[in-house]
Amino acid sequence: MKAKGIKILAIPVLLAALIYFFVISPEVLGKELLSGSGLPAGTLISWAGLFFYAFLMFGLMKRIPKSSVSRSLKTILLLNVILSGFWGMLSYLLAGNWSFNFTNSNFSFRFWIGITLFIVLIPLVSFIILAVSRLLSRLNKR
């Protein structure tokens, strides 16, 4: 199967899995993976969801024709993939636990929310910027 076919198949499968775990069967999220580790399944599911979301969005950007804007956005999306790969560890350092219960600091919680929103919103903003850039370049050619 080609990479494009895998991406097209992966997006709905990932979305269905996340909906299943977060809406239909949320009790799975609180189950501890290894006894005594304090690592709930929800942490890994969330981490994997964020990573694959960032990775798929980066992969979608690879098909865009090259321009200065698209090269910059590809770099930003690559950095976003790297940040999403470290999201779980950063979250652990900020919360002090794998359940991400922020009992120690309001600042840590807000910083964690900011990092998470950054990972989610950067691809969306990137595609909006790319769409506006392409629209403007087409209007300038007329």
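A few points on the structure.

Reading the values: the criteria
- Residues numbered from 1 in each chain as written.
- Predicted model: local features only at pLDDT ≥ 70, side-chain atom pairs only at ≥ 80, totals over all residues.
- Heavy atoms only, no water.
- Helix = DSSP H or I, 4+ residues; strand = E, 2+ residues; numbered from the N terminus.
- Buried < 20%, exposed > 50% of the residue type's maximum accessible area, 1.4 Å probe, protein only.
- Contact = heavy atoms within 4.5 Å.
- Axes fitted to C-alpha atoms, helices over the stretch in contact; angles between N-to-C directions.
- Parallel < 35°, antiparallel > 145°, perpendicular 65-115°, else oblique.
- Left-handed = near helix turned anticlockwise from the far one by under 90°.
- Nonpolar A, V, L, I, M, F, W, Y, C, P; charged D, E, K, R; others polar.

Observations concerning the environment of Ile 115
Mapped onto the elements of the fold, Ile 115 is located in helix H4 (residues 106-141). In this structure Ile 115 comes out as buried when scored by relative accessible area, which is 11%. With sequence-adjacent residues up to four places away left out, Ile 115 is seen in contact with Leu 83, Trp 87, Leu 90 and Leu 94.

A short note on the side chain of Ser 108
Within the secondary structure, Ser 108 is located in helix H4. Contact partners of Ser 108, with chain neighbours within four places excluded, come to Leu 94 and Phe 102.

Regarding the packing of helix H3 (residues 68-95) against H4
One can describe the packing of H3 onto H4 by two numbers: an axis separation of 10 Å at closest approach and a directional angle of 165 degrees. In terms of their interaxial angle, H3 and H4 are classed as roughly antiparallel. Regarding H3 and H4, the two cross each other, and that crossing is left-handed. The class makeup of the residues in the contact of H3 with H4 is 17 nonpolar, 8 polar and no charged.

Some words on unusual backbone geometry
Both trends apply: most residues other than glycine have a negative phi, and most peptide bonds are in trans. Phi is positive for Phe 100, which is not a glycine, with a value near 60 degrees. Within the fold, Phe 100 resides in the loop between H3 and H4.

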